[in-house]
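Read off the chains here:
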Amino acid sequence: MAKAGDKEGSNRPALALHVPEPKYRPGDKVDFSHIQVPEAGAAPRPDEACEAKETYPLCDDLIRVLGDDDKAHGPWDPRLDADTLRRMLREMALTRAFDTRMYRAQRQGKTSFYMKCTGEEATSVCATHALAGDDMIFPSYRQQGCLIARGYEPEEMINQIYSNKADKLKGRQLPIMYCSKRLSFFTISGNLATQLPQATGFAMASASKGDSRIAATWVGEGSTAEGDFHSALTFATVYNAPVIFNVINNQWAISSFSGFAGAERATFAARAIGYGMAGLRVDGNDPLAVYAAERWAADRARANGGPTLIEHFTYRAEGHSTSDDPSQYRSAEERDEWPMGDPVMRLKNHLIALGEWSEEQQEEQDAELDNMVKQAQKDAEKNGILGHGLHHPFHTMFEDVFEELPWHLEEQADQAIRERQIKFPEDPAE
Ligand SMILES: Cc1ncc(C[n+]2csc(CCOP(=O)(O)OP(=O)(O)O)c2C)c(N)n1
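Source: prediction; values computed, not measured. (Residues numbered from 1 in each chain as written. Predicted model: local features only at pLDDT ≥ 70, side-chain atom pairs only at ≥ 80, totals over all residues. Heavy atoms only, no water.)

A.B. asks: Is there a simple way to explain the pairing of strand β7 (residues 308-313) in this structure?
C.D. replies: Side-chain direction in a regular strand flips from residue to residue, so the side chains alternate between the two faces of the sheet. Summarising burial for β7: six of the six residues are buried, a large majority. The alternating pattern of β7 places Thr308, Ile310 and His312 on one face and Leu309, Glu311 and Phe313 on the opposite face, and all of these are buried. Of the strand pairs in this sheet, strand β3 (residues 243-249) and β7 are connected by six bridges, and their pairing is parallel. Each bridged residue has a counterpart across the sheet, and for asparagine 246 the counterpart in β7 is isoleucine 310. Direction of pairing for strand β6 (residues 278-283) relative to β7: parallel, over a ladder of six bridges. The residue bridging leucine 280 from the neighbouring strand is isoleucine 310, located in β7. Following the backbone out of β6, through helix α8 (residues 287-302) and into the adjacent parallel β7, one traces a crossover that is right-handed. (Buried < 20%, exposed > 50% of the residue type's maximum accessible area, 1.4 Å probe, protein only. Helix = DSSP H or I, 4+ residues; strand = E, 2+ residues; numbered from the N terminus. Pairing = 2+ DSSP bridges. Right-handed = clockwise from strand over helix to strand, strands pointing away.)

Below is the structure:
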């Protein structure tokens, strides 16, 4: 028997901990040639009703439709008409124009916070097009494109970002944490991955009631390390819930590269295999591939084929948020070197190759969209910007904590209003 303090086993190899390290740090030359970019059209397309395991080779592949020639290739080509393609292009461009203006609004102090989705527009806009209008969306904070694709008014979004008196969420949520019951867009929560089991729960409820609505949820690759990811997938496969898990692998979770969420060992799509779930891995910057994969999963779920996990392989082109400076932790070259290009440019070039669009039309549309966002911003500013007094009545802060206002919260409200009136007599609280 070994005694405490004995050097028993000292001839065994020393254990070593592996701490992932990203390939490129600030100032480094970037070479993404290790990333496998298969030919567009090369991946097979199994039937939506197939056994989950038929999809497993696709979890290690990358479904691509748009080739370097800007044309659509192979069995995943969704064969969308030109009007639908133009609508998707317009909504992706609107998402980008909106992001640009709101980022600036934060820098001008009109709001406290903003998050862009630059480079990831296809993963929200084009995926939403593949769903029915009343399918329930459970987003993370980087899916403003889903709301835009469902026609949410930019002014409403800006009212929320400004926490002004027209903000439907009454200034209670951090900017960009939208919600629209009318558009089946579930309230965004800052707690990562909590939307996943909720989406599964919605899908289970829908199925148990014999309804026809499915659920689609989005999560960053970093957030897949949360326990909620595991429970959501377990419940979804056990009960064959009609739910789609969109994992947006944009390579970074703030300053942590995807290796910290397990990317060095297996793809995120491959997580599906262990649960017995269908899985697909797509080029997230290929608008047609994103649409086709989401449509495949939606049709499968709607026909009681069960859940699908889709990894959208993409790149977070900008900082994590207005509070982040990516030049501190990654090479500035990464964005330009990203081998899958830019989703807006790729769809634009595809439409031009089809003879259904032109550079001039694109320029005109960009100017029109920028003006539209500018006007929406002006209109929203009439309802107030951050810190300029036009907010919801003070009392509303205490409402909706419970369905009915309990006596002790009514007391707190009265007291808070009295104190405010003493401190700021020129700004009477209601
Ligand atoms: C439970 C929880 N832990 C940590 C955070 C802080 N946090 C906010 S965003 C973020 C990174 C998430 O990265 P990822 O899931 O890859 O999504 P991305 O931001 O790339 O879209 C972290 C750690 C949080 N909001 N909630």
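Once the structure has been displayed, the description carries forward.
A.B. asks: What's the story with the packing of helix α2 (residues 121-129) against α8 in this structure? I'm lost.
C.D. replies: Geometrically, a packed helix pair is captured by the angle between its two axes and the distance between the axes. Closest axis-to-axis distance for the α2/α8 pair is 8 Å, and the angle between their directions is 45°. Compared by their axis directions, α2 and α8 come out oblique. In the packing of α2 onto α8, the handedness of the crossing is right-handed. Each of Ala122, Thr123, Cys126, Ala127 and His129 in α2 lies in contact with α8, whose residues at this interface are Pro287, Val290, Tyr291 and Glu294. Of the residues belonging to the contact of α2 with α8, the class tally is six nonpolar, two polar and one charged. (Axes fitted to C-alpha atoms, helices over the stretch in contact; angles between N-to-C directions. Parallel < 35°, antiparallel > 145°, perpendicular 65-115°, else oblique. Left-handed = near helix turned anticlockwise from the far one by under 90°. Contact = heavy atoms within 4.5 Å. Nonpolar A, V, L, I, M, F, W, Y, C, P; charged D, E, K, R; others polar.)

A.B. asks: Looking at this model, I keep getting lost on the pattern of salt bridges. Mind explaining?
C.D. replies: This model, assessed by the stated rule, comprises 25 salt bridges. With its nearest N and O atoms 2.8 Å apart, the salt bridge here joins arginine 96 to aspartate 342. One end of the pair, arginine 96, is in helix α1 (residues 82-107); the other, aspartate 342, is in the loop between α9 (334-337) and α10 (343-353), and 246 residues separate them in sequence. One salt bridge in this structure joins lysine 348 and glutamate 359, with 3.0 Å as the shortest N-O distance. Remark: glutamate 359 occurs in helix α11 (residues 359-381) and lysine 348 occurs in helix α10; sequence separation between them is eleven residues. (Salt bridge = Lys/Arg side-chain N within 4 Å of Asp/Glu carboxyl O.)

A.B. asks: How do you make sense of the nonpolar core when you look at a structure like this?
C.D. replies: Nonpolar side chains tend to gather and get buried jointly when the protein is soluble and globular. The biggest cluster of nonpolar side chains holds 71 residues, and the ones touching the most others in it are Trp76, Phe98 and Tyr178. Sequence-distant contacts of tyrosine 178, defined by excluding residues within four places in its chain, comprise Phe98, Tyr114, Gln144, Leu147, Met157, Gln160, Ile161, Leu169, Phe185, Phe186, Thr187 and Ile188. Among the nonpolar cores identified, the runner-up in size contains 21 residues, and Phe138, Ala193, Leu233 and Met277 belong to it. (Core = buried A, V, L, I, M, F, W, Y, C linked by side-chain atoms within 4.5 Å.)

A.B. asks: Can you walk me through empty space enclosed by the protein in this structure?
C.D. replies: Rolled over the atoms, a probe as big as a water molecule pinpoints where empty space is left. Within this structure, the stated rule accounts for one cavity of 30 Å³ or more. One number sums up the size of the largest cavity: a volume of about 50 Å³. Looking at the largest cavity, the residues that line it are Tyr152, Glu156, Gln160, Asp167, Lys168, Leu169, Tyr178 and Cys179. Of the residues contributing to the lining of the largest cavity, the split by class is four nonpolar, one polar and three charged. (1 Å grid on protein atoms, 1.4 Å probe; cavity = no way out; pocket = protein on both sides within 12 Å on 5 of 7 lines; lining within 4 Å. Points joined across faces, edges and corners; volume = space filled by probe spheres on them.)

A.B. asks: Which parts of the structure should I look at to understand the site of the ligand?
C.D. replies: Inspection of the region around the ligand gives 15 residues, with Tyr141, Arg142, Gly190, Ser223 and Trp252 positioned closest. Taking leucine 192, its main chain carries an N or O atom lying 3.3 Å from a nitrogen atom of the ligand. Between the ligand and glutamate 221, the relevant distance is 3.3 Å, taken from an oxygen atom to a side-chain nitrogen or oxygen of the residue. Protein contacts shield 71% of the accessible area of the ligand, which totals 590 Å² for the unbound molecule. Judged by the proximity of its atoms to the pocket grid, the ligand belongs to the second largest pocket. (Near = heavy atom within 4 Å. Polar contact = N/O pair within 3.5 Å; in protein donor to acceptor, adjacent residues only side chain to side chain. Areas by Shrake-Rupley, 256 points an atom, 1.4 Å probe, with all protein chains shown as cover. Sits in = over half its atoms within 2 Å of the grid points.)

Keep in mind that these numbers describe shape and distance, not what the molecule does.
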